[in-house]
Amino acid sequence: MSLPTDHSPPGPRFSALTGFSTLFYKEWLRFWKVNIQTVLAPVLSALLFLLVFGHTLRNSGEPYPGVGYTAFLTPGLAMMTVLQNAFANSSSSLMQSKMTGNIVFVLLPPLSHREFFFAYLLAAVARGLVCGAGVLLCTVWFVDLRCAHPLWVAVFALLGSAVMGVLGIIAGLQSNKVDELAAFQNFIILPLTFLSGVFYSIYSLPQFWQKLSHLNPFFYIVDGFRYGFFGAGDVSPWLSAAVVAACLAALSLLTLWLIKTGYKMRH
Amino acid sequence: MTPAIKVDGVVKRYGSLTALAGVSMEVAQGEFFGLLGPNGAGKTTLISILAGLNFATGGSAAVLGHDVVRDYREARRALGVVPQELVFDPFFTVREALTIQSGYFGLRDNRAWIDELLHCLDLTDKADANMRQLSGGMKRRVLIGQALVHKPPVIILDEPTAGVDVELRQSLWQFIRRLNRDGHTIVLTTHYLEEAEALCGRIAMLKQGQIVADDTTQNLLNRFSGCQVRLKLSPPGLPAGLTQLLSEGGGDDCRLTLAGYDELESVMAALRTAGVRVLEMEVGQPDLEEVFVRIMNH
């Protein structure tokens, strides 16, 4: 080994935003390097759902006037893919880093809790949107899908992936083992996603289940996203946006506090 | 001059367990400082508090005058930590790992320094290899590279040579010595006491969460000054006048602790007078290991 010659301080190359952008870039690379598993597989799963349910339930009537079941199902499946992958990105990254110990590489540098939070969140949103876009791109060729309000589509795609990215951070912080994360995923995320109206309009449900569905925040995400496509939904998109934004704000505040206090990381 | 590290009354409790019970110490800039102690003494807890990986229950700690909680950004920028565990991110190559780590510290365009680090750590030909493909020794070197990638003035090495072969250990120490000569403050924890004795100018010893010794290495060695003499005697047994010097053994194999080499002559004279022959004799000075054992057993 020979002597490094320069030990001068970093100097002008220092940039305040670089820490945040590097952590985002690292999280992006982390899922993109294994895109067969993180992007292609979920897109394929969604397409299989569409093929099976779209085919078997194609004669079950029109959920909205002029909208066939396959067209109705497609935005729901796209949003389900967005939600599940946004959650998977932040939760698995954090849990794996804690489990293998390489979380120290993120904890030792001078990153603030906000930089930490927004980098993980943005990467989760990115993966969710990439997967959701993948589903829509694959289905656009054989499903008659219009886009009545593109802005609402974008708003709910962003809000939905952000909510799930934040939930993923909470789950990743909370979990120290794979089975702890699996429990979070199987007993909270999966039921809420499946009962959010991905496969049906809640007005096809009995009264009691309709009311219960209104307590599920994922319902508002799916319904608002679907409104963006068909201009019709079970509730007003403004109400959906308000509910989802309020959830996002509350969860974000909680998560920022957890990161700031080093919950299950700095101990 | 602002100390490189200042720890003031740091307490860390985990429920009813007290890991650190009011630790205070200072490390001057440019020092090669050893932090020794048996397993569970609190060394890694103290390092974790300095590095921001853990929060103290009480007291304060600062790196180059920057409080590790209130002014954590500056404190962490000044500090490079080589963790004890052999951790790595399996998604990345060596160069990616170093570039990403550099970015976390807010450094753009750090390629020249990263190239130099790769060269210094003999990792240039492994720069594009995935971390999973590296041997344990190479992964250890990457960890050192990650700790140095932002050119920290203070470097903490938490048992960096645990499980490392002799050749790599020697080349690592050569590298770290040079960093110290260039002005970096080095804090080392190790269970290899001969390494600490050879490298560290000052040593603190932790026992059950408390500092039980903090002095220059030479002063610690001098604290148990004098020499150790091991004698094989015939007939067995020390004359009555020498028994107060006996530190170990007895009969025909005695270990004596003398105040200095000049006392050796009077011991020999007493043995001659008593008609005791010396069959074998070994003379030595206490080393750091002996000092460590004595302090820990005190």
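Calculation criteria
Residues numbered from 1 in each chain as written. Chains lettered and ligands numbered in written order. Predicted model: local features only at pLDDT ≥ 70, side-chain atom pairs only at ≥ 80, totals over all residues. Pairing = 2+ DSSP bridges. Helix = DSSP H or I, 4+ residues; strand = E, 2+ residues; numbered from the N terminus. Axes fitted to C-alpha atoms, helices over the stretch in contact; angles between N-to-C directions. Contact = placed C-beta atoms within 7 Å. Nonpolar A, V, L, I, M, F, W, Y, C, P; charged D, E, K, R; others polar. Expected span 1.5 Å × (residues − 1). Bend = angle between axes of the 7 residues up to and from the residue. Buried ≥ 20, exposed ≤ 12 C-beta atoms within 10 Å, placed from the backbone.

## Digging into the sheet that holds strand 13 (residues 253–258) of chain B
All names here are of chain B.
Turning to step 1, where the next piece is worked out: Here we have four strands laid out as an open sheet, ordered 12-13-11-14, and antiparallel in their pairing. The open sheet has two edge strands, strand 12 (246–250) and strand 14 (277–284), and neither has a second partner. Direction aside, neighbouring strands of the sheet carry axes that sit 15° apart on average.
Turning to step 2, where the next piece is worked out: As paired elements, strand 11 (residues 227–234) and strand 14 share seven bridges and run antiparallel to each other. What sits directly across from Q228, in strand 14, is G284.

## Re the interface of chain B and chain A
Turning to step 1, where the next piece is worked out: Each partner contributes residues to the interface: chain B has 42 residues there, and chain A has 34 residues.
Turning to step 2, where the next piece is worked out: For the side of chain B that touches chain A, the secondary-structure elements that each account for two or more residues are helix 2 (72–77), helix 3 (94–104), helix 4 (111–120) and helix 6 (166–181) of chain B.
Turning to step 3, where the next piece is worked out: Grouping the amino acids of the side of chain B that touches chain A by side-chain chemistry returns 18 nonpolar, twelve polar and twelve charged.

## Some thoughts on helix 2 (residues 35–56) of chain A
Residues and elements named next belong to chain A.
Turning to step 1, where the next piece is worked out: Here helix 2 contains 22 residues, and its C-alpha end-to-end distance of 30 Å stays within 8% of the 32 Å for a straight helix at 1.5 Å per residue.
Turning to step 2, where the next piece is worked out: Approximately 30° is the largest bend angle found in helix 2, and it occurs at A41, with the proline P42 only one to four residues beyond.
Turning to step 3, where the next piece is worked out: When we look at burial in helix 2, the residues that qualify are P42, V43, A46, L50 and G54.
Turning to step 4, where the next piece is worked out: The secondary structure elements touched by the buried residues of helix 2 are helix 3 (69–100) and helix 5 (113–139).

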